[in-house]
Amino acid sequence: MSHTALARKYRPRRFAEVATQEHVSETLRRAVSADRTGHAYLFCGPRGVGKTTLARVLAMALNCPARTGEGEPCGTCESCSLIWSGRTSLDVVEIDAASNRGVDDARSLRERAMYAPSDEHRFKVYIVDEAHMLTREAWNALLKILEEPPPRVMFIFATTEPQRIQQSASPILSRCQRFDFRRLGVADIVARLEQVIESEGARASAEALRIIARKADGGMRDALSLLDQVLALTGGEVAPGSVREVLGLVEEERFLELFDIIRGHRHREVFSFVEALVDEGYDLVEFYHGLVESLRLLLRVRLDGEESVDAAGEYRAALEARARHFEAADLVRMLAMAADLESQGSLKRVSQPRVLIELLLLRLSHLDHTVRIEDLIEGLGGAPTDKAASVHRGSSPAPVVGASRRPPAAAPPGPGGYKKKKTGHRQKRRAVTGGRR
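Model, not experiment: these values are computed from the prediction.

Chemist: Explain the overall build of the chain to me, using residue names and the numbers behind them.
Modeler: A count of helical and extended segments in the chain gives 21 helices and seven strands. The contacts in the chain between residues at least 6 apart in sequence include a share of 74% that link residues at least 24 apart. For the chain, the computed accessible surface area is about 25000 Å², with 50% contributed by carbon and sulfur atoms.

So, in structure tokens, the structure goes:
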């Protein structure tokens, strides 16, 4: 028998099974149970968070003959099975807008939507994935039918870039009910992966699942695909080492070694460190992303302690030991320098990022440590003054006694000023001449 991918095998069949999107699933379930569903929906959010899945569950609930009173589909009948698997169904049609994006495709969709469902108790549902790929002309062709749709017809648009719809077809937004999907947290992804591991009869450590969850970046589909890939390599035993091997991640010990190089200002060892990474086949872009995450963890440990970091115990202790040698201001500057490399797009413009990585590490190793002004004054043989201490605490310094003040600038002479000056001159002249002209 052919293998079914975990992302498809464990796709939710009911509203209650959709993780982290309760604000969407609960609203849709209540709308189905109360017969208050809209005629057009816009599902927005990052990839792999359940947009298409919830669209299918909604279509299943509308057309399920064994639907519960709470609005949940049974998930096992013939109609639900066809819709859930994405196979051909008379009343539920999925369209990929990336390959059907023109005005002719939109007109064809509009004409098909005019036909009634196959049964008077069913709904005709059109699920349009990657809806932001539709052209402006295609959206204009759908405006009228979205404003005045035929009875028992529903449109569901799913997109990862709603801002493009806002730019090309803003009137669409007022004709649809919009739902924004959230990214899934690491804890939610790990909980779901543990259920899948138990169902598959495999074993996995908590640290290995955390690595997969962090790599998935909030997407459940990506997490299940990565888990499927690791299980194919290990055959049922998921360990942190095998996860890093499959995903091409750099070991945590390498970043600890790098922090020691930076702390000791051992500039010449930067080149040998990067060369070892290249010789062992690591992707330098992946190393860069791991470096940014490690700097963020080191800064958090420096500010909040090791208990605030979700990592293995040994790695947290190692971060705590190295965080003592860095000031928080130093780590902030290092993290800002590392983040600038990606924000400027430098890594995407070059085919060989080795020089940029080496330059970044050299800048980090040459970075001077932050020194408090009190320590600097004490090192010079003096005691910190009250003024320096007040400046360090953030209070304003006391004013200097005996400072001279400049007199306020005189106002520019107006017509009245010239008149008074002229009148005074005449009085002085009359006093000298005795009033004779």
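Chemist: An account of the sheet that holds strand 3 (residues 124-129) is needed here, citing residue identities and associated values.
Modeler: Within the open sheet, the five strands sit side by side as 2-3-4-1-5. Their pairing is parallel. Both edges of this open sheet fall to strand 2 (92-96) and strand 5 (177-180), since each of them pairs with a single strand only. Going across the sheet, the axis of each strand differs from the next one's by a mean of 15°, ignoring polarity. Note: strand 2 against strand 3, five bridges, orientation parallel. Counterpart to E94 in the pairing with strand 3 is I127. Packed onto the sheet, helix 5 (residues 103-113) meets strand 2, strand 3 and strand 4 (153-159) and runs at close to 165° relative to strand 3.

Chemist: Can you break down the nonpolar core residue by residue, with the values?
Modeler: Core analysis: the biggest nonpolar cluster contains 56 residues, and F43, L58, V125, I156, I212, L227 and V238 have the highest contact counts within it. Here this core gets eight residues from one element, more than from any other, and that element is helix 3 (residues 51-63). Those residues within four positions of L58 in sequence are excluded, and the remaining contacts are F15, L28, V32, Y41, M154 and I156. In terms of nonpolar packing, the next biggest core, distinct from the first, is built from 41 residues, I262, F326, L335 and L347 among them.

Chemist: Can you tell me about the confidence of the model for the chain, naming the residues and giving the values?
Modeler: For any part of a model where pLDDT is low, the fine detail of the predicted coordinates should not be relied upon. The share of residues in the chain with pLDDT of 70 or more is 85%, and the mean pLDDT across the chain is 83. Low pLDDT, under 50, characterises residues 415-423; the predicted model gives this stretch one contact beyond four residues in sequence or across chains.

Chemist: Would you mind going over helix 16 (residues 328-343) in detail, with residue names and values included?
Modeler: End to end, helix 16 covers 22 Å across 16 residues, agreeing with the expected 22 Å (1.5 Å per residue, within 8%). Among all positions in helix 16, only D330, L331, M334, L335, M337, A338 and L341 are buried. When helix 16 is viewed along its axis, its buried side chains cluster within an angular range of 155° and face the same direction.

Chemist: For the packing of helix 8 (residues 186-200) against helix 9 (residues 206-216), give the residues involved together with the corresponding values.
Modeler: Closest axis-to-axis distance for the helix 8/helix 9 pair is 9 Å, and the angle between their directions is 125°. The orientation of helix 8 with respect to helix 9, classified from their angle, is oblique. Like other packed secondary-structure pairs, helix 8 and helix 9 cross with a definite hand, here right-handed. From helix 8, V186, I189, V190, L193, E194 and I197 reach across to helix 9, where they touch L209, R210, I212, A213, R214 and A216. Per-class residue counts for the contact of helix 8 with helix 9 are nine nonpolar, no polar and three charged.

Chemist: How would you summarise the environment of L359 if you had to cite specific residues and measurements?
Modeler: Looking at the secondary structure, you find L359 in helix 18 (residues 354-365). L359 gets classed as partly exposed once you look at its relative accessible area, which sits at 47%. For the pair L359 and V270, spaced 89 residues apart in sequence, the C-alpha separation works out to 9.2 Å.

Chemist: Now, about helix 3: what can you tell me, with residues and values included?
Modeler: When the terminal C-alpha atoms of helix 3 are compared, their 19 Å separation across 13 residues agrees well with the 18 Å that a helix rising 1.5 Å per residue should span. Most of helix 3 sits out of view: 13 of its 13 residues are buried.

Chemist: So what's going on with the packing of helix 9 against helix 11 (residues 240-247)? Residues and values would help.
Modeler: Packing of helix 9 against helix 11 brings their axes to within 8 Å, and their N-to-C directions diverge by 25°. On the basis of the axis angle, helix 9 is roughly parallel to helix 11. Note that helix 9 runs across helix 11; the crossing there is right-handed. In contact with E207, A208, I211, I212 and K215 of helix 9, helix 11 contributes P240, V243, R244 and L247. Taken together, the residues of the contact of helix 9 with helix 11 sort by class into six nonpolar, no polar and three charged.

Chemist: Tell me about the pattern of salt bridges, residues and numbers included.
Modeler: For the structure on display, the rule yields 25 salt bridges. With a shortest N-O distance of 3.9 Å, D104 and R107 are connected by a salt bridge. With a gap of three residues between them, D104 and R107 both fall in helix 5, about one helical turn apart. The exposed category is assigned to D104, whose relative accessible area is 56%. The exposure class of R107 is partly exposed, given its relative accessible area of 41%. Among the ionic pairs, E327 bridges to R302, the shortest N-O distance being 3.7 Å. Of the two residues, E327 sits in the loop between helix 15 (313-323) and helix 16 while R302 sits in helix 14 (residues 284-304), which places them 25 residues apart along the sequence. Under the relative-accessibility criterion, E327 is labelled partly exposed at 40%. Judged by its relative accessible area of 30%, R302 falls in the partly exposed class. Counted as one network, the salt bridges with shared partners bring together E26, R29 and R30.

Chemist: Could you give an account of the layout of surface pockets, with specific residues and numbers?
Modeler: In this structure, the largest pocket encloses a volume near 980 Å³. Looking at the largest pocket, it is lined by 37 residues, and the ones nearest its centre are I211, R214, K215, H289 and E293. Of all the secondary structure elements, the ones that give two or more residues to the lining of the largest pocket are helix 9, helix 10 (220-234), helix 12 (252-263) and helix 14. The biggest single contributor to the lining of the largest pocket is helix 14, with nine residues. Of the residues that constitute the lining of the largest pocket, the class distribution is 15 nonpolar, seven polar and 15 charged. Lining the second largest pocket are 26 residues, and of these G48, V49, G50, T53 and R221 lie nearest its centre. Those elements giving two or more residues to the lining of the second largest pocket turn out to be helix 3, strand 4 and helix 10.

Basis of the calculations
- Residues numbered from 1 in each chain as written.
- Predicted model: local features only at pLDDT ≥ 70, side-chain atom pairs only at ≥ 80, totals over all residues.
- Heavy atoms only, no water.
- Helix = DSSP H or I, 4+ residues; strand = E, 2+ residues; numbered from the N terminus.
- Contact = heavy atoms within 4.5 Å.
- Areas by Shrake-Rupley, 256 points an atom, 1.4 Å probe, with all protein chains shown as cover.
- Pairing = 2+ DSSP bridges.
- Axes fitted to C-alpha atoms, helices over the stretch in contact; angles between N-to-C directions.
- Core = buried A, V, L, I, M, F, W, Y, C linked by side-chain atoms within 4.5 Å.
- Buried < 20%, exposed > 50% of the residue type's maximum accessible area, 1.4 Å probe, protein only.
- pLDDT = per-residue confidence, 0-100.
- Expected span 1.5 Å × (residues − 1).
- Arc of directions from axis to C-beta.
- Parallel < 35°, antiparallel > 145°, perpendicular 65-115°, else oblique.
- Left-handed = near helix turned anticlockwise from the far one by under 90°.
- Nonpolar A, V, L, I, M, F, W, Y, C, P; charged D, E, K, R; others polar.
- Salt bridge = Lys/Arg side-chain N within 4 Å of Asp/Glu carboxyl O.
- 1 Å grid on protein atoms, 1.4 Å probe; cavity = no way out; pocket = protein on both sides within 12 Å on 5 of 7 lines; lining within 4 Å.
- Points joined across faces, edges and corners; volume = space filled by probe spheres on them.

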